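This is what each chain is made of:
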Amino acid sequence: MTLGYRTTDGSIVTLKPIAAQSTPLGDAPALKLSGREYAAMSTGRVLRAAQAHFDYPAPDGDGAVRAGAKTVAADELGALMARKRFAVFEDGESGLLRLAYRELVLRFRADSTRAQQAHLLNKLGLSKRSGNAFHAQQFVVVDAARRYSVEALIELALQLGEQALVEFATPNFISQYTRCASSAPPSPAKAQWHLAMVRARQAWALSQGRKSITVAVLDDGVDVEHPELKARLKRKPDPQEPRDLLGRDFYVPDSAADHFDPRPKRFRMPFDQMNGNDIHGSCCAGVAVGSGPRGFGMAPRCSLLPVKIFHADDLASDARVADAVRYAAQFADVISCSWGGPRSPDLQAAIADASTQGRAGRGAVIVCAAGNDAAPRVSYPAADAHCIAVGASTDARLQADYSNSGAQLAVVAPSSGGAKGIFCTDVALPGRGFNIGSVAAGGADGLFTNDFGGTSSATPLVAGLAALMLSLKPQLSPAQVAALLKRSAVKIGPPGSYDANGHSKAYGHGMVDALKTLQAVKALKP
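Note that the coordinates shown come from a computational prediction; the quantities given were computed from them, not determined experimentally.

Caption draft 1: Quick peek at helix α10 (residues 455–472). Over its 18 residues, α10 extends 26 Å from the first C-alpha to the last, a length consistent with the 26 Å expected when each residue adds 1.5 Å. Burial runs high along α10: 17 of the 18 residues are buried.

Caption draft 2: A look at the packing of aromatic side chains. This model, assessed by the stated rule, comprises 12 aromatic pairs. When the centroid spacing of 6.5 Å and the interplanar angle of 45° are considered together, the rings of F134 and F250 count as tilted. Taken together, the residues span a long stretch of sequence, with F134 in the loop between β11 (127–132) and β12 (135–142) and F250 in the loop between β17 (248–249) and α7 (281–289) at a distance of 116 residues. Under the relative-accessibility criterion, F134 is labelled partly exposed at 23%. Owing to a relative accessible area of 2%, F250 belongs among the buried residues under this scheme. Within the aromatic cluster, the residues linked to one another by ring pairs are F134, F250, Y327 and F331.

Caption draft 3: The arrangement of the pattern of salt bridges in detail. What the rule picks out here adds up to 23 salt bridges. The closest approach of N and O atoms between K265 and D258, which form a salt bridge, is 3.2 Å. Judged by its relative accessible area of 28%, D258 falls in the partly exposed class. One salt bridge in this structure joins K308 and D278, with 2.6 Å as the shortest N-O distance. One end of the pair, K308, is in strand β18 (residues 303–308); the other, D278, is in the loop between β17 and α7, with 30 residues separating them in the sequence. The residues K308 and D278 share a single accessibility class, namely buried. Residues joined by salt bridges that share partners form a network here, namely D9, E93 and R343.

Caption draft 4: A look at the sheet that holds strand β24 (residues 409–414). Reading across from one edge, β17-β18-β16-β20-β22-β23-β24 is the order of the seven strands in this open sheet, with parallel pairing throughout. One side of each edge strand has no neighbouring strand; the edge strands of this open sheet are β17 and β24. Pairing of strand β20 (residues 334–337) with strand β22 (residues 365–369) involves four bridges; the strand directions are parallel. In the sheet register, C337 faces β22, and the bridge partner there is C368.

Conventions we followed
- Residues numbered from 1 in each chain as written.
- Predicted model: local features only at pLDDT ≥ 70, side-chain atom pairs only at ≥ 80, totals over all residues.
- Heavy atoms only, no water.
- Helix = DSSP H or I, 4+ residues; strand = E, 2+ residues; numbered from the N terminus.
- Expected span 1.5 Å × (residues − 1).
- Buried < 20%, exposed > 50% of the residue type's maximum accessible area, 1.4 Å probe, protein only.
- Phe/Tyr/Trp six-rings, centres within 6.5 Å; stacked < 30°, edge-to-face > 60°.
- Salt bridge = Lys/Arg side-chain N within 4 Å of Asp/Glu carboxyl O.
- Pairing = 2+ DSSP bridges.

Rendered as structure tokens:
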């Protein structure tokens, strides 16, 4: 039997099962995955995901095991783990890990009635577990009676997708997402050479951005206390929700105490490495909208909406990532995504809705990282037709060797990979961040780093430039923003890289030029 899921364009992405065996080990569960490439992460990333999202048993301080709200004695652990069986897969398109349990995400068509929905679900032995705050016809449904195996439930999702009442159905995956910062250590470079290369200072004579234009950074958290970020925060973004003071954390449930706290929260030694640490989003935010004077962003007078979707590199819920996009589209003009992951019908639908219905009907501009795999393909969601895919170029005006290539690539922006890295804001907590307090790494105070990079850094630079464009002309559509960025880009790299239409799989339409872009925006007739 071939397992898979259907995307919104009708294509089927296969899933490769990975054998997972769980056994009690002393007072805690142990998990073993087949395949040498998974051995290192088997007892960490996958087990933490199961504990976070499936109420899988976790060690308790008194030597017992906690599963959800219950404390379970060690000798009862085997039976509990058998009931909590979940399945692990490798995504056939992205190669990333995906976990599935007893739930599906189901969106009914707009003209379906509640009675029709109930009849279909009752016939299949499924029940609605929760609705969706952003779409009235979307639900998480659960196999409460454990009528289906995980594999059978995935097959059922494919069958449901063919029903006349259903717009899409997909397993409620918990997935591996990759943040797109480069791991190659650049030489220390304190000056913000990347802004000079795209002529940011000349462009600021036309606009440094407007407070009314907001960039949402969807990532692993933003340090809202950083001195060059806190002045940029969009305060009370949702006027209907008094608890929403400066953004949300979609990695945790809406009912969690810290859902309305988008700060970095997960830290593990060594604290200057991305693995295990929430140190990525604060840098992305600084590249986009840092207020200066030490670490200017591309749009230093625009507003910032932090939207936390990851806890370091732990696996995340596809449904929650999709809802984070929907939330951001309601309260931000530009959405910056410096990460990649597997395709999901829910995320595809959220991106489509955001780009057409967000920003009060004008459509939110969605800017995404092409990825750091040195691969001849653009990562998802950058490859989505509704997104602007951004690659990375170096201080030598060449393609960064890690930057992905492909037909969907729109533009590139300066980043690491040459002799210099990117100087930008870092996590302000002492001893946390890419710079944990070194002059050579960006300053003894640890507030800034000079070794940020990858398509992770290129992406918020372009997102900031899009915010400057909307600051000049808020009525621009996402398609107009993308077209102007491409038209104003400067051809870099070998001339033979570009085809007859001026596009290169390595450079897109070229490297962004802030001055040329804003001049083109100002020249547009009403």
